[in-house]
2 protein chains.
Amino acid sequence: MKANDKILLAHGGGGQLSDSLIHNTILPRLSNETLNALGDSALLDIDGTKLCFTTDSYVVKPLFFNGGDIGKLAVCGTVNDLAVAGARPLVLSLALIIETGFPIADLERILDSIAKTAAEAGVKVVTGDTKTVETGAADKIFINTAGIGKKLDCANLDTSRVKEGDKILVSGTIGDHGMTLISKREGIEFQSTLKSDCAALNSLTVKLLENLKDEIKFLRDPTRGGIAVTLNDIARGSGQSVLIKQSDIPVSPNVQAAADMLGFDILNIANEGKFIAVVSSDAAEKAVAICRSHRLGKDATIIGEIQKCVDVPTVEILTVIGGKRIVQMPYGRELPRIC
Amino acid sequence: MKANDKILLAHGGGGQLSDSLIHNTILPRLSNETLNALGDSALLDIDGTKLCFTTDSYVVKPLFFNGGDIGKLAVCGTVNDLAVAGARPLVLSLALIIETGFPIADLERILDSIAKTAAEAGVKVVTGDTKTVETGAADKIFINTAGIGKKLDCANLDTSRVKEGDKILVSGTIGDHGMTLISKREGIEFQSTLKSDCAALNSLTVKLLENLKDEIKFLRDPTRGGIAVTLNDIARGSGQSVLIKQSDIPVSPNVQAAADMLGFDILNIANEGKFIAVVSSDAAEKAVAICRSHRLGKDATIIGEIQKCVDVPTVEILTVIGGKRIVQMPYGRELPRIC
């Protein structure tokens, strides 16, 4: 059996290998029109009611970190997948897989966090499941949440609508979640100054969509694989190229220092409380203003634009020293168990 | 820290300890009207469209067994939770947590099984997620499926409608799934003659409900904890008592032999392709006939009835030797990782 006959960590990393697993192993077997769209959420039409439906498992390590915990992440992650699909999140399911011996006090802390985050995001946990496995058969606790949202009538998100000249907006600083986790795992001293951005974005995305309607052409929360994956998805989905300007990308100095010290490219680092939007050129400044008036978007800014594709759709970055380089789809190895 | 400060295997067993975890730890934190109903599925009303929504994680060991595998189980289990809630299952989500080093050939086999079972059950997998964890951080593969179904207008399932004289129907032989798994794990020789009953029940439940409408008062698939849990739930939910007759309960001789040899009470053993129904006395024979005309209900039979509760609601069994004993809610320890 060759190495590539087995699952590698990178198969779950959100990069090239995840992509290959989805396209070569999963989709050929389960193919249907809804699944094949590979959106953050599936779009369903049940008797004329348009719903979004999504699922995510959370295997983050450590379970508790500055700015959040696995419970908060499990609510925010799924709420955000609905939010960036142009939906108003309504309900969540909650499924726990717990290792025998896990302290009930920790479970209570996680459940309290789930309850608080769900209340803040305006969603209800309506159904659940608990499984236990022997000590050693799982690492402490894994959580799955699936979510249902009501598709907003005003949302018309579709990468095929993305055109040359459209602007690329990021809702705030990038890399905070991933660098907080990896620094804590590596035991880096300055980790206490880092804080995950873990947050439910639906109040901001709904506001943006209700105000700017189809001027917003694409939304995505850049989690695993960071904004590098999201920007490559925009290029691939639209058939256009993407140019971003490094000096315009908001990054906290502590986060940048941690990334530099540990040798990570900040573009590949996971975020859990940010989104990337593609906005028509005319509405771009209005979009920035709407974001900045909301506590979750106060550092929002335009970081680049859509350019005509001359050969294959690519993502390029204009670096601070004036050069240009390609931003590749990351391989997926960088940060296992980040969410 | 005391023993009961930690999660035990029995907390996931579907019995008393699961019950206590749900009522003492989970519900007080996440309480809302829909969740508190603790149905097999949550009943949602979204703009007048009535939906059922459910989730289940699957941690079964071994992954492949006679009559099924973790993939088939992950489809059937969630489809059945929707079916017994009186819904027509429509779509599933599929979330995989995979240990590094897991053979891709095994993953393909599981995905093929998911595809086949979903097609047979008439449901589509519309959204998914894949996470990988380091070797040793999970036992091979865990699967979560959440599902959405359309509530049938004709279904009026509610234990408060259960009345004295109503009949208790089981759709076929009991204990097949659990005894197949435990025998395989224990390496018992006759295990090759046992076969899990794992099946999607929705074609039968929809037929039953469309024909008998509100004569069907309760449906449940007796999985973890077996029919003992389901019958106790009927007693508790209705405030009535339940009397079943041991000689009327269909059990395959091989399954009974395995249970006897290993010292299990067949009433506590999980099923994955059966349901218990409470049917009005007038419609009971018709319900049996409808079941028997379907391949999944050919051994359907009436096993008991609802009796007036004199003190506290209890479940009693009239044994083959003529005695009566209480059927208790099992503690939950019997069969870890059965689904």
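In the block above lies the structure referred to throughout.
Residue positions within a chain follow its written sequence, with the count starting from 1. Whichever chain is written first becomes A and whichever ligand is written first becomes 1, with later ones labelled in order. The predicted origin of the model limits local features to residues at a pLDDT of at least 70 and limits the giving and counting of side-chain atom pairs to 80 or more, whereas totals for whole chains, interfaces and linings rest on all residues. Values reported for side chains reflect all heavy atoms of the structure, with hydrogen atoms and water molecules removed beforehand.

The subject of this paragraph is the overall build of chain A. Counting from the N terminus, the helices are DSSP H or I runs at least four residues long and the strands are E runs at least two residues long. Within chain A, the secondary structure is distributed over 9 helices and 14 strands. Over its C-alpha trace chain A gives a radius of gyration of 19 Å, about what one expects of a compact globule, namely 20 Å for 339 residues. Projecting the C-alpha coordinates of chain A onto the three principal axes gives extents of approximately 55 × 55 × 50 Å. Expressed as a percentage of the 339 residues in chain A, the buried residues total 63%. We compute the radius of gyration from the C-alpha atoms alone; for a globule the expected value is 2.2 Å times N to the 0.38, where N is the number of residues. Three labels apply to residues, based on accessible area from a 1.4 Å probe with only protein chains included: buried if under 20% of the type maximum, exposed if over 50%, partly exposed otherwise in between.

In this structure, A:Ile141 and A:Met179 are the most contacted members of the largest nonpolar core, which totals 71 residues. When residues of this core are assigned to their parent elements, the largest contribution, 8 residues, is made by helix H4 (residues 104-121) of chain A. Whether two residues touch is decided by their heavy atoms; if any such pair falls within 4.5 Å, the residues are in contact. Sequence-distant contacts of A:Ile141, that is, excluding residues within four places in its chain, are made with A:Leu63, A:Ile70, A:Leu96, A:Ile97, A:Ile98, A:Phe102, A:Leu107 and A:Ile110. Membership of the second largest hydrophobic core comes to 70 residues, among which are B:Cys76, B:Val170, B:Leu181 and B:Val255. Among buried residues, the Ala, Val, Leu, Ile, Met, Phe, Trp, Tyr and Cys ones that are joined through side-chain atoms within 4.5 Å form a nonpolar core.

Residues and elements named next belong to chain A. DSSP calls a pair of strands paired once it identifies at least 2 bridges connecting them. Pairing in this open sheet of 7 strands is mixed, and the strands run S9-S11-S8-S12-S10-S13-S14 from one edge to the other. Both outer strands of the open sheet, strand S9 (216-220) and strand S14 (324-326), are each paired with one neighbouring strand and no more. Within this sheet the neighbouring strands show an average axis-to-axis angle of 25°, counted without direction. As paired elements, strand S10 (residues 241-245) and strand S12 (residues 301-307) share 4 bridges and run antiparallel to each other. Across the sheet, residue Val242 finds its bridge partner in S12, namely Ile306. Interaxial angles span 0 to 180 degrees and are taken between N-to-C directions of axes, which are lines fitted to C-alpha atoms, for helices over the stretch in contact.

Residues and elements named next belong to chain B. Here helix H7 (residues 226-238) contains 13 residues, and its C-alpha end-to-end distance of 19 Å stays within 8% of the 18 Å for a straight helix at 1.5 Å per residue. Counting buried positions along H7 gives 11 out of 13 residues, so the element sits mostly inside the fold. Regarding H7, the residues found buried are Gly226, Ile227, Ala228, Val229, Thr230, Leu231, Asn232, Asp233, Ile234, Ala235 and Ser238. On its buried face, H7 sits against strand S8 (167-170), strand S9 (216-220), strand S10 (241-245), strand S11 (276-279), strand S12 (301-307) and strand S13 (315-318). One or two residues past the end of H7 sits Gly239, with phi positive at roughly 75°. To estimate how far a helix should reach, multiply one less than its number of residues by 1.5 Å.

Taken together, a rotation about one axis and a shift along it account for how the two chain copies relate. Placing chain A over chain B gives an RMSD of 0.0 Å and needs a rotation angle of 180°, together with 0.0 Å of translation along the axis. Both copies are brought into coincidence by an operation consistent with a two-fold rotation axis. By C-alpha distance to the rotation axis, the residue of chain A lying nearest is A:Ala138, at 2.1 Å. An overlap of 100% is found between the interface residues of chain A and their copies at the interface of chain B, pointing to a shared contact surface. Overlaid copies result from least-squares superposition on C-alpha atoms, with residues included only where pLDDT is at least 70 in both.

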